[in-house]
Amino acid sequence: MINLKVLLIFLTTLFQFPNYTKNWQGSDIPGHCYATFDDFNGKQDFKIKLLKKEGFNFKYSTTLTKGTLQLTIKSGSKTIYEKELKGSVSDEVKIENSKGGKFKFIFMAKHAKGSFDVRY
């Protein structure tokens, strides 16, 4: 017999934050990633493709007309940068990379409508 309480917690968690996107259009090429979307809800990971073992500038801009977007930059399991984004935001982060680490950036969205543009 399935424990009803465990089943309810599982189902609540599963349907609380479904990952979906409506009308996503964009591109992800080395050094540049961008997208527009009508309803982005969930998480999207992007690998940063580097050619050299040196620091780099991570430039981003977002324009949201609805919802929220959170940007996280990671190296392995270590979080390097994290910011909650609303409305129009444009910023630049200097990333040290003397050891030639692997990096990724992650967008977490809650019913976001708008766009982002990332260059590194």
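Quick summary incoming for the structure in this document. In this text, all values refer to a predicted model and were calculated from it rather than measured experimentally.

About the thresholds
- Residues numbered from 1 in each chain as written.
- Predicted model: local features only at pLDDT ≥ 70, side-chain atom pairs only at ≥ 80, totals over all residues.
- Heavy atoms only, no water.
- Helix = DSSP H or I, 4+ residues; strand = E, 2+ residues; numbered from the N terminus.
- Buried < 20%, exposed > 50% of the residue type's maximum accessible area, 1.4 Å probe, protein only.
- Contact = heavy atoms within 4.5 Å.
- Core = buried A, V, L, I, M, F, W, Y, C linked by side-chain atoms within 4.5 Å.
- Salt bridge = Lys/Arg side-chain N within 4 Å of Asp/Glu carboxyl O.
- Phe/Tyr/Trp six-rings, centres within 6.5 Å; stacked < 30°, edge-to-face > 60°.
- Pairing = 2+ DSSP bridges.

### What about the overall build of the protein?
Right, so step 1: From N to C terminus, the protein includes one helix and seven strands.
Right, so step 2: N-terminal to C-terminal, the α/β element order of the protein is α-β-β-β-β-β-β-β.
Right, so step 3: Looking at the protein residue by residue over its 120 residues, the buried ones come to 30%.
Right, so step 4: In the protein, the proportion of contacts linking residues at least 24 apart, taken out of those at least 6 apart, comes to 68%.

### Some thoughts on the side chain of Thr68
Right, so step 1: Here Thr68 shows up in strand S4 (residues 56-75).
Right, so step 2: In this structure Thr68 touches Glu84, Leu85, Lys86, Met108, Ala109, Lys110 and Ala112, once residues within four positions along its chain are discounted.

### What to know about the nonpolar core
Right, so step 1: With 26 residues, the main nonpolar core has Phe58, Tyr60, Phe105, Phe107 and Val118 as its most contacted residues.
Right, so step 2: Setting aside anything within four residues of it in sequence, one finds Phe58 in contact with Ile48, Leu71, Ile73, Asp91, Glu92, Val93, Ile95, Phe105, Val118, Arg119 and Tyr120.

### Brief notes about the pattern of salt bridges
Right, so step 1: The tally for this structure, following the rule as stated, stands at four salt bridges.
Right, so step 2: Here Lys49 ties to Asp28 by a salt bridge, and the two come within 3.6 Å at their closest N and O atoms. You can see Lys49 sitting in the loop between strand S3 (32-48) and S4 and its partner Asp28 sitting in strand S2 (residues 25-29), a full 21 residues away along the chain.
Right, so step 3: By relative accessible area, Lys49 is classed as partly exposed at 38%.
Right, so step 4: One salt bridge connects Lys83 with Asp91, and the closest N-O pair in it is separated by 3.7 Å.
Right, so step 5: In this structure Lys83 comes out as partly exposed when scored by relative accessible area, which is 30%.
Right, so step 6: Judged by its relative accessible area of 31%, Asp91 falls in the partly exposed class.

### Looking at the packing of aromatic side chains
Right, so step 1: Scanning all chains against the criterion turns up 14 aromatic pairs.
Right, so step 2: Through successive ring pairs, a cluster of aromatic residues spans Trp24, Phe37, Phe40, Phe46, Phe58, Tyr60, Tyr81, Phe105, Phe107 and Phe116.

### Observations concerning the environment of Phe56
Right, so step 1: The residue Phe56 is located in strand S4 in this model.
Right, so step 2: According to the relative accessible area criterion, Phe56 is buried, its value standing at 8%.
Right, so step 3: In this structure, the C-alpha to C-alpha distance between Phe56 and Asn97, residues 41 residues apart in sequence, is 7.4 Å.
Right, so step 4: In contact with Phe56, other than residues within four places in its own chain, are Ile48, Leu50, Val93, Lys94, Ile95, Asn97, Phe103 and Tyr120.

### A word on the pairing of strand S5 (residues 78-85)
Right, so step 1: Pairing geometry for S4 and S5, over seven bridges, is antiparallel. The partner of Leu69 across the bridge, within S5, is Leu85.
Right, so step 2: Following S4, the chain reverses through two residues before pairing antiparallel with S5; Gly76 in that reversal takes a positive phi of roughly 65 degrees.

None of this, on its own, says anything about what the molecule does.
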